[in-house]
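# An overview of the molecular structure
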Amino acid sequence: MQRTWESSELADTDRLGLTAPITRRDMLNGVLLGSGAALGAAACPAHALAAGQGADGLDPFTGYGGVGDYALSNGNTAAVMNAAHRVRDGAYQALGDGPAAGPVDEDYDLVIVGGGLSGLMAAYEYAKGTGGRRRCLILENHPVFGGAAKQNEFLVNGVRLIGPQASNDFLPPEPGSGTQVDQVFAELDIPRTYTFKDWDPKLTPLRFALDNYDNMDGMAEGTVDVAYHFDPSTGAKQPYWVRNIWEDALARTPYGADVRRQLLQWRATTGETGDEDPRLLDTMTYKHYLEQVKGYAPAVTRFAQPVVGLLGGVGADAVSARVGHHYVTEGRGKPTPSFPGGNSMLSRYLTRALIPDALGAGPTGGQAGFNAVANGRVRFDALDRQGQPTRIRLRATAVRVEHQNRDANSGAVLVTYERDRDLKRVRAKAVIMASGGWVTRRVVADLPDDIRAAYAQFIHAPALVANVALTNWRFLYRLGATAARWIDDGTMFGFCANIRRPMVVGDYDPPLHPDRPTLLTFYMGLYTPGHDAATQASLGRGRLLATSYADYERIIRSQMADMFTGSGFDPRRDIAGIILNRWGHARVVQPPGFYYGVDGRPSPREVVAKGFGRIAIAHAELNGAQNYTGAFQHGKRAAQQILALGV
C-alpha cells in the first residue's frame, strides 16, 4: 500500500525514500516469522498474527517492529502505553477488597511485577533459595520478557541483523572475583571470551566500538574512529566533517583557542577529590559546576550536554554535577563488549534457567549453550504452563497491589492485573515490585507515607533508541569512520550514531564490510534546557508520545540525507528499515541531592529500597541509574528480603 503525504511534503518524499510501498517491509517481517519452524520457533498464534494493525499494516505510533520474537515488542508500544495510561489516569482506583475487585483466580508463593532484568534476577534468586519448590508468577506487561534488555531483528538482503533496544554493553567479570555478576556467569555457564568479526585487511583500517556507548563523549571514543560534523551553529563557515578531533587537540574544529583549551581540560578531568568529590558534586547542577566552579564557556556545556541529556535524562542545568562528571570524564580506556542484542542475552539466559523449555531444546552451557540461547526462538507456549515452578505471564499489566485487608501482617498480598482488557486477581504470600518506580507508586495502594513521600522525589525522563538497517555503509567508510557525532542544537535527532564490530555467536555471523548490510544505531535523550528537571522530563515525554512513527522516520531520513549525501549516502537505496524503541521512563533523573540525600536525611532511593510488610521493591534505578548491575543487585536483594520472611 502506498503512503499518503501532505502536498507540502511531496517534493521531498521521493528523495528520502518514503514513496516505497510499505508492503516491502511487511514482506520482510513475514519472511522470518514464516520461517520460524525451520529456526525452531514456537511463537503463539496471537504473537504472530498481531503483526499488522493499521490500514497500512503498521500501528501509527509503534511503527515497524522488525522480525522474529521481538517484532511486536519494540520499546513501549502503543498497546503497552495505553494500558499503562489507564493506570496513570486512575481507571482502577475503585478496586479494593470488595466485590468490584473480583474473585481470586490463583494463589502463588511469590508474585513478581515486572519481567525485566530485576524481576528475572529476583525470580532466579528465589528459585535458588527455595530449591525450586515454591510457586512464582512473573507478570510482564510487554509481549516479550526482558524489559529494556530486549533486541531488534532485521532481515536485509538475506542477512539477519540484531541490535539492542536499549540496555547494551557489559563488563565480562573476572573469574573468581566473587562479584554477583561473576557468580551469575559461573552458575549459568556464560562464556567470558568472545569472537568478533574480522575486518578485511585489504580495506582501510578502521576502529569500531563493540557496543553503542563507547563512541560517545567520555566513554571510550579514543578507541573508535568518530567523524564529527560541524555547521554554522558551531562557528563553521559551512558544514564539514572532521575525523577524530582529539588527536590534534581540536585544531581542525571551528572553536576558538580558549574553548579548545577548556574542552581539553574538561575531557581530561578524572579525579574524585577537591572539586570532583562526588558528595560535593551532588550538591550542584552540572552546568553550575562547568561554568561557575570550573569557569568554562557555555560552549563547553553545550558540547557536553547531549550525553548527559541521554544518560541523565535532563539538561546540564537540571541534573547533578555528580552525574555529569561520572559520564563524561575521560574514557574507560578499552572497548566494552556488547552481545548482538545488547543485554537481551542476559534476560534470555535467566529465563532459560527459570524455564528450561523457554528457548527450545539444546545445550545449556559453554559455546554450544551460548549459541542456543542467542539464536533459539522463544517458545511462548512454554512460559506460562500450569504446574511449573516459575511462570511468566506476558501482556499482563499490574493495576493494583496491596496487602490483604490493607494489613501488612495479614500474610497475603493481592495483585490485580489487566490482560486483553480483562481484570484478573491473584493472591501471594509476598510480592516483589520489579517494575519501574513510576509504576510502583501508582499501583501499590497501601504504600507507607515515608515511601510515598520518597517516590514524590523520583522524576523519570524518556529516551529513544533507533536501529536503522542499512543495505551498505559505504558513506561512513568514505569518511574514515564507524561512528558519527554532531552538535545537537535541540532540534536534531540525537547527537551520535554508530555501527558496531559484530560479535559472532554460533549461527549468528553477520558481515563486516562497507558494501554489506549493517545496523546504524542512534541513542537520543529528550531534554529541554531552561526548565527544572520535572518540567524537562514532562516536555520530553510529551514530544516522544506525540510524534508519529512516520514523522520520526522522515526526520531520521532527512537528517541522514543532510549530513551524509556529500559522502555518497542515498536514503532511497541505503536504508532498508527503521525500528523505533520509545522508552517513556528510561532514566531516573538525579537532580542535586537525589543520590546522597540532603541535610543528613537519607536519599529517596534508600527509603524506597526498604520495602514494607510482604512487598519488596527492586528497581535498577535505586542505584541512581537503570543498568544491568543495578538490576541484578536489587533483584537479588529483594529476593533475599522475601526469603527472610520464610516465604
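Above: the structure in question.
The paragraphs below set out a description of the structure included in this document. (Residues numbered from 1 in each chain as written. Predicted model: local features only at pLDDT ≥ 70, side-chain atom pairs only at ≥ 80, totals over all residues. Heavy atoms only, no water.)

## As for helix α13 (residues 366–375)
- Summarising burial for α13: seven of the ten residues are buried, a large majority.
- Residues of α13 that are buried include every one of Gly 369, Phe 370, Asn 371, Ala 372, Val 373, Ala 374 and Asn 375, and no others.
- Those residues of α13 that are buried lie in contact with β4 (159–164), α12 (344–354) and β15 (503–504). (Buried < 20%, exposed > 50% of the residue type's maximum accessible area, 1.4 Å probe, protein only. Helix = DSSP H or I, 4+ residues; strand = E, 2+ residues; numbered from the N terminus. Contact = heavy atoms within 4.5 Å.)

## As for unusual backbone geometry
- Residue Asn 244 is not a glycine yet carries a positive backbone phi of 55°.
- With respect to the helices, strands and loops of the structure, Asn 244 is situated in the loop between β7 (240–243) and α7 (257–268).
- For Arg 395, which is not a glycine, the phi torsion comes out positive at approximately 55°.
- One can find Arg 395 in the loop between β8 (390–393) and β9 (397–403).

## Focus on the sheet that holds strand β6 (residues 226–230)
- Strands sit in the order β7-β6-β13-β14-β16-β12-β17 across an open sheet of seven strands; the sheet is mixed. A strand with exactly one partner marks an edge of an open sheet, and here the two such strands are β7 and β17 (575–588). Across this sheet, the average inter-strand angle for adjacent strands is 20°, counted without regard to direction.
- Relative to strand β13 (residues 483–486), β6 is paired through four bridges, and the arrangement is parallel. Looking across to β13, one finds that Val 226 is bridged to Ala 483. (Pairing = 2+ DSSP bridges. Axes fitted to C-alpha atoms, helices over the stretch in contact; angles between N-to-C directions.)

## With respect to the pattern of salt bridges
- Inspection of every chain in the model, using the stated rule, returns 36 salt bridges.
- A salt bridge links Arg 207 to Glu 247; the shortest N-O distance between them is 3.7 Å. Taken together, the residues Arg 207 in the loop between β5 (195–196) and β6 and Glu 247 in the loop between β7 and α7 connect sequence positions 40 residues apart.
- What makes Arg 207 partly exposed here is its relative accessible area of 32%.
- Ionic pairing is found between Lys 294 and Glu 276, a salt bridge with its closest N-O pair at 3.3 Å. With Lys 294 in the loop between α9 (286–293) and α10 (298–311) and Glu 276 in the loop between α7 and α8 (278–281), the pair connects residues that are 18 residues apart, well separated along the chain.
- According to the relative accessible area criterion, Lys 294 is partly exposed, its value standing at 27%.
- Among the charged side chains, a network of salt bridges with common partners joins Asp 69, Glu 153, Arg 160 and Arg 377. (Salt bridge = Lys/Arg side-chain N within 4 Å of Asp/Glu carboxyl O.)

## Concerning the pairing of strand β3 (residues 151–156)
- The element β3 is largely enclosed, with a buried count of six among its six residues.
- By the alternation rule, side chains of β3 split into Gln 151, Glu 153 and Leu 155 and Asn 152, Phe 154 and Val 156, which are all buried.
- Note that β3 and β4 share six bridges and pair antiparallel. Within the sheet, the bridge partner assigned to Phe 154 lies in β4 and is Leu 161.
- Where β3 folds back on β4, the antiparallel hairpin that results is connected by two residues, among which Asn 157 adopts a positive phi of roughly 50°.

## Some details on the environment of Leu 643
- Within the secondary structure layout, Leu 643 lies in helix α21 (residues 628–644).
- Judged by relative accessible area, Leu 643 falls into the partly exposed class, the value being 27%.
- For the pair Leu 643 and Gly 129, spaced 514 residues apart in sequence, the C-alpha to C-alpha distance is 7.1 Å.
- If we ignore the near neighbours within four places in the chain, the residues touching Leu 643 are Glu 125, Tyr 126, Gly 129 and Thr 130.

Any link to function would need more than the numbers given here.
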